[in-house]
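Chains, contacts and geometry: an overview
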Amino acid sequence: MRRRLLFLVLLFATATSVHSQESHSLFMDHEFNHFDRYVYQKDNRFHTSVKPYQMRQVDKTVDADSIYRIDVTRKLPDILLNGNWIQYRQSDFEFSINPLFNFELGRDADADDMSWVNTRGLILNARLGNKVFVTTDFYENQSHFYDYREGVVKEIDVMPGQGSPKDYKNGGHDYAWADATVTYQPDEHFDITFGHGKNFIGDGYRSMLLSDASFNYPYLRITTDFWNIKYVNIWAQFQDLTRRYDYGHPHDKKWGSFNYLDWSVTPWLNVGFFEAVIWADADSLGHRGFDFNYANPVIFTRPVEFSVGSSDNALMGITGKLTLGKNHIIYGQAIIDEFKLENVKAGIKHQFNKSDSSIQWGWWANKWAGQIGYKTFDLFGLQHLDIQAEFNFARPFMYSHVTHIQNYGHYNQSLAHPLGCNFKEAVVIGRYNYKRLFIEAKYTHAMHGRDTAGLNMGNDIYCDYTSHASEYYNEIGQGQKVILQNTNLKMAFLINPRSNMNVYVGFTRRSETVNSEKQATNLITFGLRTSLQNIYYDF
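These numbers were taken from a predicted model, which means no experiment stands behind them.

Moving on: the overall build of the chain. The helix and strand tally for the chain stands at eight helices and 26 strands. In terms of overall dimensions, the chain is globule-like: its C-alpha atoms have a radius of gyration of 24 Å, near the 24 Å expected for 539 residues. Across its three principal directions, the C-alpha atoms of the chain cover 80 × 60 × 55 Å. Burial status across the chain gives 55% buried among its 539 residues. Long-range contacts, defined here as pairs at least 24 residues apart, represent 66% of the contacts in the chain between residues at least 6 apart. About 24300 Å² of surface is accessible on the chain, with carbon and sulfur atoms providing 60% of the total. Positive and negative side-chain charges of the chain, numbering 53 and 59 respectively, have mean locations separated by a distance of 5 Å.

See the structure below:
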């Protein structure tokens, strides 16, 4: 017993707030994007559309520990406010351990009981030599919602981005999830990561290409940096829950291959090229597994998909980022699944001559989605006042496929926008922080068309697109029109930036209008948490 206590004392004694390199990458959290104002400076030519950021590249831009450091002379307060809770460091090996938690209480004005979340976990970061990095974390959760979040969980039949729950005490949920990565960095040009987690491509709050809204998945990622180019290759395995099996039977599997090249053309202009292919683990002939035709990281996958005679789901996209002045950024994305130019022309012609009923516009298979956005830092010269606004849309049937096992989804959610398809959305976010005090105001307004009357109107990506209700005259918002508005105000005090430990209070006003019938929620939440991941309920 004494030896164990001595070991723990030594570990705490070695903890330090001096910046360490045991972590390979930074976690993604929109509310505490500490480094964005630095990496978005055009002179840095940082590839901001690839997340999570790599720690070694951020270190070249800003000293992470200098941003929010509070100088204290005593060891324990320094650990609590600035450092890792447990840390051990040697020249060829180091590791750190920090607690993870979310203890939240919430009250909906119209509910009889309080909602709550009880999350506990740990995160470990380690460096082996100078080229191998390991990160692993685990979350054990129980929650009970008496507000709109319960409706979100029931609608998609999973905890958003957090996996499948089990029943817990009269309507509650019990669920656990974990992340892990092992990274090998042979030199400054290559980064090879085998992980179980999420990826994000884009500069926006949402991504129409690849987002972090769905649950974790196993992947292999190779990142290549040379000249002014960052090239990312991801091979991943996803799970389809459409067919629910008895306990012990694995879910249906599918595979994905993603290639993304981001080119810093000038210090003020970035363009990116994206392609993805999704294929079923088992086809009509039986088990298929990983298709090595998609293993080549420098090949265009659309011709490969055609050459192997498959009906795999291939998508292609582009991104762009334009930096004006010092702090004004315009960004965007566009992605297509398939389309015919003659039908696109028909749609344009229809916009100018809607009285001509002979025009066959809105072909169902003209499937594309897009995003346009703007962000600025230090608005009106006021330091740390940041604004972001974006518009997202997806046409009906986008991200769906001839069978659900080949759609652009994972664990009952889209791999892109959480609304799936057949929607328009506007997002406005204002953020301000003074030292460690953070204030955020966020508003989202979405219009989407639900499938109705047993007809596939192009909203649910898990519906086979062969069942589309109409060959032509398809437009965004068709079906049962739903107006969804979310207003969220949050104030948080950052206790320790290492794990984004913070105490917070928030207010959410959510309204959903269907056929002129409006349901509204007014939710107040407060709690103590570590914020390392994005969890979305605003859809």
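From this point, things continue past the structure.
The volume enclosed by the largest pocket comes to roughly 760 Å³. Along the wall of the largest pocket there are 28 residues; nearest its centre are Glu155, Ile156, His448, Arg450 and Phe539. Those elements that place two or more of their residues in the lining of the largest pocket are α6 (148-156), β21 (413-414), β23 (437-450), β25 (501-514) and β26 (517-530). A total of five residues in the lining of the largest pocket trace back to one element, the largest contributor, which is α6. For the lining of the largest pocket, the per-class residue count stands at ten nonpolar, ten polar and eight charged.

Its location among the elements puts Asn343 in helix α8 (residues 341-352). By relative accessible area, Asn343 is classed as buried at 8%. The contacts of Asn343, once residues within four sequence positions are left out, are Gln360, Trp363, Asn366 and Tyr472.

For the rest of this paragraph, the subject is the environment of Gln142. In this fold, Gln142 is placed in strand β5 (residues 132-144). Placed 237 residues apart in sequence, Gln142 and Leu379 show a C-alpha to C-alpha distance of 40 Å. Non-local contacts of Gln142, meaning those with residues more than four positions away in its chain, are made with Trp116, Val117, Asn118, Arg120, Tyr168, His173 and Asp174. Of the polar contacts made by the side chain of Gln142, one reaches the side chain of Arg120; its length is 2.7 Å. Within the structure, Gln142 has its side chain in polar contact with the side chain of Glu140 (distance 2.8 Å).

Residues Phe258, Phe274, Ile335, Tyr399 and Tyr408 are the most contacted members of the largest nonpolar core, which totals 57 residues. Elements supplying a minimum of two residues to this core: β4 (115-128), α6, β7 (172-184), β10 (217-226), β11 (229-240), β12 (252-266), β13 (269-280) and β22 (423-434). Among residues more than four places away in sequence, those in contact with Phe274 are Ile201, Leu209, Phe258, Asn259, Tyr260, Leu315, Met316, Gly317, Ile335 and Tyr408.

Once that is clear, we can look at α8. Between its first and last C-alpha, α8 extends 17 Å over twelve residues, near the 16 Å set by a 1.5 Å rise per residue. Of all the positions in α8, only Asn343, Ala346, Gly347 and His350 are classed as buried. Each buried residue of α8 sits inside an arc of 100 degrees when the element is viewed along its axis, so together they form one side. Opposite the packed face of α8, turned more than 90 degrees from it, sit the exposed residues Leu341, Glu342, Lys345, Lys349, Gln351 and Phe352.

Given two aromatic rings, one states the distance between the centres and the angle between the planes to describe the pair. Evaluated as defined, the whole model comprises 30 aromatic pairs. Look at Trp116 and Tyr168: their rings are 6.3 Å apart centre to centre, the planes differ by 75 degrees, and that puts the pair in the edge-to-face class. Here Trp116, found in strand β4, pairs with Tyr168, found in strand β6 (residues 166-168); they are 52 residues apart in sequence, far enough to count as distant. Consider the rings of Tyr217 and Phe238, whose centres lie 4.9 Å apart with planes at 65 degrees: the pair is edge-to-face. In this pair, Tyr217 sits in strand β10 while Phe238 sits in strand β11, placing the two residues 21 residues apart along the sequence. Given a relative accessible area of 1%, Tyr217 falls into the buried group. Here the basic side chain of Arg395 rests over the ring of Trp368, its NZ or CZ set 5.2 Å away from the ring centre.

All right, on to the pairing of strand β19 (residues 385-394) then. Only one face of β19 is covered, namely the one carrying Asp386, Gln388, Glu390, Asn392 and Ala394; the face carrying Leu385, Ile387, Ala389, Phe391 and Phe393 has none of its residues buried. Alignment of strand β18 (residues 367-376) against β19, held across eight bridges, turns out to be antiparallel. In the sheet register, Lys375 faces β19, and the bridge partner there is Gln388.

The next point concerns the pattern of salt bridges. Under the definition given, this model contains 21 salt bridges. The salt bridge involving Lys367 is made with Asp337; its shortest N-O contact spans 3.2 Å. One end of the pair, Lys367, is in strand β18; the other, Asp337, is in strand β17 (residues 328-338), and 30 residues separate them in sequence. Note on accessibility: Lys367 and Asp337 belong to one class, buried. A salt bridge links Lys367 to Glu338; the shortest N-O distance between them is 3.1 Å. Of the two residues, Lys367 sits in strand β18 while Glu338 sits in strand β17, which places them 29 residues apart along the sequence. Judged by relative accessible area, Lys367 falls into the buried class, the value being 0%. Sharing partners across several salt bridges, the network here consists of Arg206, Glu425, Lys442 and Asp538.

Per-residue pLDDT for the chain averages 90, and the proportion of residues at 70 or more is 92%. Low confidence marks residues 1-20, where pLDDT is under 50. Its contacts with residues over four positions away, or in another chain, come to 42 contacts.

Turning our eyes to something else, we now look at the side chain of His173. Along the chain, the position of His173 falls in strand β7. In this structure the side chain of His173 is engaged in a polar contact, spanning 2.9 Å, whose partner is the side chain of Glu150. Aside from chain neighbours lying at most four places away, what touches His173 is Asn141, Gln142, Ser143, Glu150, Val153, Met159, Pro165, Lys166 and Tyr168.

Inspection of the secondary structure puts Met501 in strand β25. Linking Met501 and Thr530, residues 29 residues apart in sequence, is a C-alpha distance of 4.1 Å.

Reading the values: rules and limits
Residues numbered from 1 in each chain as written. Predicted model: local features only at pLDDT ≥ 70, side-chain atom pairs only at ≥ 80, totals over all residues. Heavy atoms only, no water. Helix = DSSP H or I, 4+ residues; strand = E, 2+ residues; numbered from the N terminus. Rg over C-alpha atoms; globule rule 2.2 N^0.38 Å. Buried < 20%, exposed > 50% of the residue type's maximum accessible area, 1.4 Å probe, protein only. Contact = heavy atoms within 4.5 Å. Areas by Shrake-Rupley, 256 points an atom, 1.4 Å probe, with all protein chains shown as cover. Lys, Arg positive; Asp, Glu negative; His and termini not counted. Charge placed at Lys NZ, Arg CZ, Asp CG, Glu CD. 1 Å grid on protein atoms, 1.4 Å probe; cavity = no way out; pocket = protein on both sides within 12 Å on 5 of 7 lines; lining within 4 Å. Points joined across faces, edges and corners; volume = space filled by probe spheres on them. Nonpolar A, V, L, I, M, F, W, Y, C, P; charged D, E, K, R; others polar. Polar contact = N/O pair within 3.5 Å; in protein donor to acceptor, adjacent residues only side chain to side chain. Core = buried A, V, L, I, M, F, W, Y, C linked by side-chain atoms within 4.5 Å. Expected span 1.5 Å × (residues − 1). Arc of directions from axis to C-beta. Phe/Tyr/Trp six-rings, centres within 6.5 Å; stacked < 30°, edge-to-face > 60°. Lys NZ or Arg CZ within 6 Å of the ring centre and 35° of its normal. Pairing = 2+ DSSP bridges. Salt bridge = Lys/Arg side-chain N within 4 Å of Asp/Glu carboxyl O. pLDDT = per-residue confidence, 0-100.

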